[in-house]
Amino acid sequence: AFLLIAATLLLVAGGVFFNGLSLRTSRLAHDRNDTMQLARTVALDMDRIFEGARQLLATLAKLPDGKGWDSRACSLVVAAANDDLQYGHIVAVDRDGVMLCNSRAASRTGAVMPDREVLDKVLASGKFSVGSFGRGTVSGNELIRVGYPVVDAKGLVTGAVYAGMNVTWLNTVFGVWQLPPNTTLSIVDRGGVIVAHYPDAAFAGRLVPDGLRPFVAETSPGVTETTGVDGILRIFGHAPADIGAPTTGLTVFVGLSKDAVIAKIDRSIWINIGIGFSGLVALAGIASFFANRFLA
C-alpha cells in the first residue's frame, strides 16, 4: 500500500510540475503582450504631449500676422516659454535660420540658429516636425527640438517657430506613470539616440543597444528580447510615438527584466506545487492511517 501511495504521489507531482512549465510559458507570453501594450499606452501619452506642443507653436506662428516679429509678438514668445517648464526655449526664425525672436537670449536675435535640422524638416514638409536629441547652446540643457511653419498671407512658408522640449521635464513625467518594478522606459529618436530614460536619466544621449536598433524605424508595435542599455536581458515592448499621425519620429521602448519576470512566475509555480504536494502527503498519511488500522 505504501509503494502504491508513493507511486501515486510521484505521478501527481510530475503532472503538477509539467503543468507548471506550461503555466510558465503561458504567463511569459502574457507578460510579453502586457509589455507591448504598456509601450503603446506610453506612446499614446507621448502623442498627447507632442500634440500640446504642436498647438502651442501653431498659435505662436500666427503672431506676425503681416506685422512681422515685432516687440509685441516676441514678448508673447518669451512669455509662452517662461510659463511652461516643458520648454527650455522657443525661437522664431526665417527660412535662412536667422533668429527673429529668442526667449532665452534676446541678444542672439539676428544670429543664425546653430542646428538647422528641425527647420529643414519644417520647410520640407510644411508641417509640425520633430528633430533629434540635442543640447541647448545657451542653457546647456538636454532637449528635443520641435518646429512649426510660419506662413504668410499667400500661403508660403516664411520661416518657423521651434522649441526645445526639456528632457529633464520629460523624465519627471515618466515617474507619474508608476511603472511596474524592474521596468525601464526609453524614448528613442530616428537616429537611435535615447532622448529620455527612466529610471536612470543618465542614459539620455546614448545610442540605443544594437539589439533594439532594427525596431527604431518600425511603424507598428511589437515585442523582442535583448540586452538593454543597462546590460540586463529584458523583454522589450516597442511602439512608435506617432500612431495614426507620423510626425514625431520617436519610438517608445518598455523593458522588463526577463530574469525578474521568470523568477516571479517560478515562485508562484513552486508555491502551487508545494501546496498541492503538501495536500497530497496529508491525504496519503490519512489513507495510510486508516489502511493500517482497518486492514491490519
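These numbers were taken from a predicted model, which means no experiment stands behind them.

Draft legend 1. A look at the overall build of the protein. A tally of regular secondary structure across the protein gives five helices and 10 strands. Partitioning the intrachain contacts of the protein with sequence separation of at least 6 by distance along the chain shows that 51% fall at a separation of at least 24. If you sum the accessible surface of the protein, you get close to 15,100 Å²; carbon and sulfur atoms cover 59% of it.

Draft legend 2. Geometry of the state of the cysteines. Considering all chains together, one arrives at one disulfide under this definition. Paired by a disulfide, Cys74 and Cys101 hold their sulfur atoms 1.7 Å apart. Every disulfide takes its handedness from the sign of the S-S torsion; for Cys74 and Cys101 that torsion is -65°, giving left-handed. Of the two residues, Cys74 sits in helix 2 (residues 71–82) while Cys101 sits in strand 2 (residues 99–102), which places them 27 residues apart along the sequence. By relative accessible area, Cys101 is classed as buried at 2%.

Draft legend 3. How the structure looks around the side chain of Asn102. Checked against the element boundaries, Asn102 lands in strand 2. On the basis of relative accessible area, Asn102 is assigned to the buried category, the value being 9%. For Asn102, the side chain forms a polar contact with the main-chain nitrogen of Arg104, separated by 2.9 Å. For Asn102, the contacting residues outside a window of four places in its chain are Val78, Ile90, Val91, Arg108 and Thr109.

Draft legend 4. Spotlight on the environment of Ile90. In this fold, Ile90 is placed in strand 1 (residues 87–94). Given a relative accessible area of 0%, Ile90 falls into the buried group. Considered as a pair, Ile90 and Tyr162 are 72 residues apart in the sequence and their alpha carbons are 5.7 Å apart.

Draft legend 5. Representation of the side chain of Asp189. With respect to the element layout, Asp189 can be found in the loop between strand 6 (183–188) and strand 7 (194–198). Buried charged residue Asp189 carries no salt bridge. Nearest counter-charge: Lys121, at 7.9 Å. A polar contact is formed between the side chain of Asp189 and the backbone nitrogen of Gly191, at a distance of 2.9 Å. Excluding its chain neighbours within four sequence positions, the residues that come into contact with Asp189 are Ser132, Phe133, Val195, Val216, Gly249 and Leu250.

Calculation rules
- Residues numbered from 1 in each chain as written.
- Predicted model: local features only at pLDDT ≥ 70, side-chain atom pairs only at ≥ 80, totals over all residues.
- Heavy atoms only, no water.
- Helix = DSSP H or I, 4+ residues; strand = E, 2+ residues; numbered from the N terminus.
- Contact = heavy atoms within 4.5 Å.
- Areas by Shrake-Rupley, 256 points an atom, 1.4 Å probe, with all protein chains shown as cover.
- Disulfide = S-S within 2.5 Å.
- Buried < 20%, exposed > 50% of the residue type's maximum accessible area, 1.4 Å probe, protein only.
- Polar contact = N/O pair within 3.5 Å; in protein donor to acceptor, adjacent residues only side chain to side chain.
- Lys, Arg positive; Asp, Glu negative; His and termini not counted.
- Salt bridge = Lys/Arg side-chain N within 4 Å of Asp/Glu carboxyl O.

Remember, this is a structural readout, not a statement about activity or role.
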